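Coordinate analysis (summary)
This is what each chain is made of:
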Amino acid sequence: MIKIRNVKMEDLKQLVVIENLCFSKEEAATKQAFEKRIELIPDSFFVAEVDGKIAGLVNGPVIGTVYITDDLFSMTKSNPAKGGHQSILGLAVSPHFQRHGVAAALLAHLEKEARTKRRETITLTCKRELIFFYEKLGYRNYGESASKHGGVSWYNMCKKID
């Protein structure tokens, strides 16, 4: 069974390992970036556990614009209590737990939290091969992103919160 909970600083070491298994060195969040996010946005940083082991994570700050900008990867501010757009800077699932519904469970939990805080949308960028995954979960593709994070082509994906 998948259990979703808010992140704790004690999770940091495992989160860095998972992040580096899922993203290239250029794309992955650094230990310092995770420390800052755990400190400033624990209300939108969630961890999935399966049998007591951390299986995955999702995190991102609430922003004032519909699309993610590259500065968000290095600059984190506390979330407003209500409104805004819930961004996702990272969704990562340990390879051992992939294809078991962990990513979808993390996204569903983030969406539930975003709805209670009256966020307008959930917004993220993804690589071309993941567009279909997000579309199945109700996200819409808004085309190629201006982001050059990690030297990769990204696509803007957005889901309205009703």
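The structure contained in this document is the topic of the report that follows. (Residues numbered from 1 in each chain as written. Predicted model: local features only at pLDDT ≥ 70, side-chain atom pairs only at ≥ 80, totals over all residues. Heavy atoms only, no water.)

A short note on the overall build of the protein chain
When helices and strands are counted, the protein chain shows 4 helices and 9 strands. Starting at the N terminus, the α and β elements of the protein chain follow one another as β-α-α-β-β-β-β-β-α-β-α-β-β. Computed over its C-alpha atoms, the radius of gyration of the protein chain comes to 14 Å, within 12% of the 15 Å expected for a compact globule of 162 residues. Reported as C-alpha extents along the three principal axes, the dimensions of the protein chain are approximately 35 × 35 × 30 Å. Residues classed as buried in the protein chain amount to 51% of the 162 residues present. Only carbon and sulfur atoms are counted for the fraction: they give 54% of the accessible area of the protein chain, which is about 8,400 Å². The distance from the centre of the 24 positive side-chain charges to the centre of the 19 negative ones in the protein chain is 3 Å. (Helix = DSSP H or I, 4+ residues; strand = E, 2+ residues; numbered from the N terminus. Rg over C-alpha atoms; globule rule 2.2 N^0.38 Å. Buried < 20%, exposed > 50% of the residue type's maximum accessible area, 1.4 Å probe, protein only. Areas by Shrake-Rupley, 256 points an atom, 1.4 Å probe, with all protein chains shown as cover. Lys, Arg positive; Asp, Glu negative; His and termini not counted. Charge placed at Lys NZ, Arg CZ, Asp CG, Glu CD.)

Here we look at the sheet that holds strand β3 (residues 53-59)
Taking strand neighbours across the sheet as the criterion, the 4 strands line up as β1-β2-β3-β6 in an open arrangement whose pairing is antiparallel. What marks the edges here is a single partner per strand, and that holds for β1 (2-6) and β6 (90-93). Within the sheet, the average angular offset between the axes of one strand and its neighbour, ignoring direction, is 25°. Note that β1 and strand β2 (residues 45-50) share 5 bridges and pair antiparallel. Opposite R5, over in β2, you have V47 as the bridge partner. (Pairing = 2+ DSSP bridges. Axes fitted to C-alpha atoms, helices over the stretch in contact; angles between N-to-C directions.)

As for the sheet that holds strand β5 (residues 85-88)
Read from one edge to the other, the open sheet built from 5 strands follows the order β4-β5-β7-β9-β8, with strand pairing classed as mixed. The open sheet has two edge strands, β4 (62-63) and β8 (140-144), and neither has a second partner. One ladder, built from 2 bridges, connects β4 with β5; its direction is antiparallel. Within the sheet, the bridge partner assigned to I63 lies in β5 and is H85.

Just distances and angles here, no functional claims.
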